[in-house]
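Notes for the structure review
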Amino acid sequence: TSSKQTAGHIKMHEHELKNNPMARGQVLLVANNGGAWISELAVPYVLFVADGYDVTIACPGGGQVPVNPASKQEAEVGSAVNEVQQFLHCDSATQMMKNAVPLESVKSMDAYSALLLAGGPRILSGGPGAIVDQPEHVAHAALKLLVQGAFQTGKVVAAIGDGCAVFTTMDTTARMILGKKMAAPPSLQARLRDLGAEIVPEDAVADGNLITGASPASAHRTATLVLQAMSRSPAAASQHPGTLTALEAGLVHTHQATAPPQGDKVAEPSYADLGPAVNPAPGAYGNNEAM
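Quick caveat, the model's predicted, so the values are computed rather than measured.

1. Some points on the nonpolar core
Formed by 45 residues in total, the largest nonpolar core has its most connected members in Leu41, Tyr45, Phe48, Ile57, Phe87, Val226 and Met230. Listing elements by their share of this core, those giving two or more residues are strand S1 (26–30), helix H3 (38–50), strand S2 (54–59), helix H5 (81–88), helix H6 (91–98), strand S4 (114–117), strand S5 (156–160) and helix H11 (219–232). Looking at this core, the element that brings in the most residues is H3, giving nine residues. The next biggest cluster of nonpolar side chains, apart from the first, holds 31 residues, and it includes Ala111, Leu115, Val157 and Ala184.

In structure tokens form, the structure reads like this:
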């Protein structure tokens, strides 16, 4: 994919996406611009594209999506190393991480089959990108409308880790989780229970079109559940099934590669092109996973 083509893709919104004949459907992947957790973006992106879906990465304010340095550690990447490497070597993904779509510019979910909210520790810390804690932020209003619109039209709504915080701070979206089974980080479980959710001891769970994962380690399972939900949801059904772009065909091929033999050292991927790193915030995922 050329840089010119990629730039054109990044700027596509509702009317262009509806008429895109190259994908089975569209997924809006919302990143935290206060410090994205790499596997929460890489794993869903690779799995969705491999299955023929077009993915748009958006974040508050748009532009470059910084990566939390803690998420780059080999222990944190873990079993997602293959997907992370594919993501880092995908020109389209790299360009979108440098030039994400402004979340505020996405006016509706009409063009999308699913909305996935990636977490990242700073989404709760009150720092840059913590839009769920800032009701006055224009991106907060945009995200609220997107989540509401997705639920009301039967689209798939998913969140990984601290992305589940969106359901704890927005009054109208909180009502959508009443009686729903959810997986969530320990730091959010009490609040979600208070709002009527049923917290289950699973990495990821689907309850209708609501899909939640408890931590970055759940990214693969969460993305798989999203794919299953999109395949059976009439509202998320594709208008253009079957055709893969060259990029997607390449990812399908590489995704099927076998994992390195046990004991072999896997070279750490390069994150240099994914924007500036940020310092981990208090209450980062490392602490949550240890509970």
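So that's the structure; there's more coming.
2. Some remarks on the side chain of Thr222
Tracing the chain through its elements places Thr222 in helix H11. The buried category is assigned to Thr222, whose relative accessible area is 0%. Discounting residues that sit within four places of it in the chain, Thr222 has contacts with Ala158, Ala159, Ile160, Ala204, Ile211, Thr212 and Gly213.

3. With respect to the sheet that holds strand S8 (residues 204–207)
Strand order in the open sheet formed by seven strands is S3-S2-S1-S4-S5-S9-S8, with mixed pairing between adjacent strands. Each having just a single partner strand, strand S3 (101–102) and S8 make up the two edges of the open sheet. Across four bridges, S5 lies against strand S9 (residues 210–213) in parallel orientation. Within S9, the position partnered with Ile160 by the bridge is Gly213.

4. Things to note about the packing of H3 against H11
The contact between H3 and H11 brings their axes to 9 Å, and the two run at 35 degrees. For the element pair H3 and H11, the recorded crossing hand is right-handed. Within the contact between the two elements, H3 uses Ser39, Glu40, Val43, Pro44, Leu47 and Phe48 and H11 uses Ala219, His220, Ala223, Thr224, Val226, Leu227 and Met230. Considering only residue class, the contact of H3 with H11 consists of nine nonpolar, three polar and one charged.

5. Here's the deal with the pairing of S8
Bridge count between S8 and S9: four bridges; the pairing is antiparallel. Across the sheet, Ala206 pairs through a bridge with Ile211, a residue of S9. Hairpin connection of S8 to S9: two residues between the antiparallel strands, including Gly208 at a positive phi of 65 degrees.

6. What to know about the pattern of salt bridges
Across all of its chains, the model carries two salt bridges by this definition. Arg24 is the partner of Asp51 in a salt bridge, and the nearest nitrogen-oxygen pair spans 2.8 Å. Here the residue Asp51 occupies a position in the loop between H3 and S2, and Arg24 occupies one in the loop between helix H2 (14–18) and S1, the gap between them amounting to 27 residues. Look at Asp51 and you get partly exposed, because its relative accessible area is 30%.

7. So, the pairing of S2
Along a regular strand, successive side chains alternate from one face of the sheet to the other. By the criterion of burial, S2 is predominantly enclosed, with six of the six residues buried. Residue alternation in S2 divides its side chains into two sets, Asp54, Thr56 and Ala58 and Val55, Ile57 and Cys59, and both sets are buried. The sheet contact formed by S1 and S2 spans five bridges and is parallel. Its bridge partner lying in S2, Val27 is registered against Val55. With H3 bridging S1 and the parallel S2, this β-α-β connection has right-handed handedness. Here S2 runs beside S3; their pairing, made up of two bridges, is parallel. Bridging across to S3, Cys59 finds its partner in Pro102.

8. Some details on the packing of aromatic side chains
For the structure shown, the criterion picks out one aromatic pair. For the pair Tyr45 and Phe87, a centre-to-centre distance of 5.4 Å together with 80 degrees between the ring planes defines the contact as edge-to-face. In this pair, Tyr45 is assigned in helix H3 and Phe87 in helix H5, connecting sequence segments 42 residues apart.

9. So, H3
In this model H3 runs 18 Å from its N-terminal to its C-terminal C-alpha over 13 residues, within 8% of the 18 Å that 1.5 Å per residue would give. Following H3 by one or two positions, Gly52 adopts a phi angle in the positive range, close to 95 degrees.

Scoring rules and cut-offs
Position numbers for residues count from 1 along each chain, tracking the sequence in the order it is written. Owing to the predicted nature of the model, reporting of local features is limited to residues with pLDDT of at least 70; listing and counting of side-chain atom pairs is limited to 80 or more, with chain, interface and lining totals taken over all residues. No hydrogens and no water enter the side-chain calculation; it runs on all heavy atoms of the structure. Residue types Ala, Val, Leu, Ile, Met, Phe, Trp, Tyr and Cys, when buried and joined through side-chain atoms within 4.5 Å, form a set referred to as a nonpolar core. Relative accessibility decides the category of a residue: with a 1.4 Å probe and only protein chains considered, values under 20% of the type maximum give buried, values over 50% give exposed, and everything between is partly exposed. Numbering of helices and strands runs from the N terminus; a helix is a DSSP stretch of H or I covering at least four residues, while a strand is a stretch of E covering at least two. The contact criterion used throughout is that any non-hydrogen atoms of two residues lie within 4.5 Å. Any two strands between which DSSP finds at least two bridges are classified as paired. Here an axis means a line fitted to C-alpha atoms, over the contact stretch when the element is a helix, while the angle between two N-to-C directions is reported on a 0 to 180 degree scale. The sense of a crossing depends on the near helix, which, turned anticlockwise from the far helix by less than a right angle, makes the crossing left-handed and, turned clockwise, makes it right-handed. Each residue is assigned to one class: nonpolar for Ala, Val, Leu, Ile, Met, Phe, Trp, Tyr, Cys and Pro, charged for Asp, Glu, Lys and Arg, and polar for all the others, Gly among them. By definition here, a salt bridge exists when the distance from a side-chain nitrogen of Lys or Arg to a carboxyl oxygen of Asp or Glu is within 4 Å. Whether a crossover is right-handed depends on one test, that the path from the first strand over the helix to the second runs clockwise when the strands point away from the viewer. Each Phe, Tyr or Trp ring (for Trp, its six-membered ring) is paired with any other whose centre lies within 6.5 Å, and the angle between the two planes then decides the class: stacked below 30 degrees, edge-to-face above 60, tilted in between. Every helix has an expected span of 1.5 Å times one less than the residues it contains.

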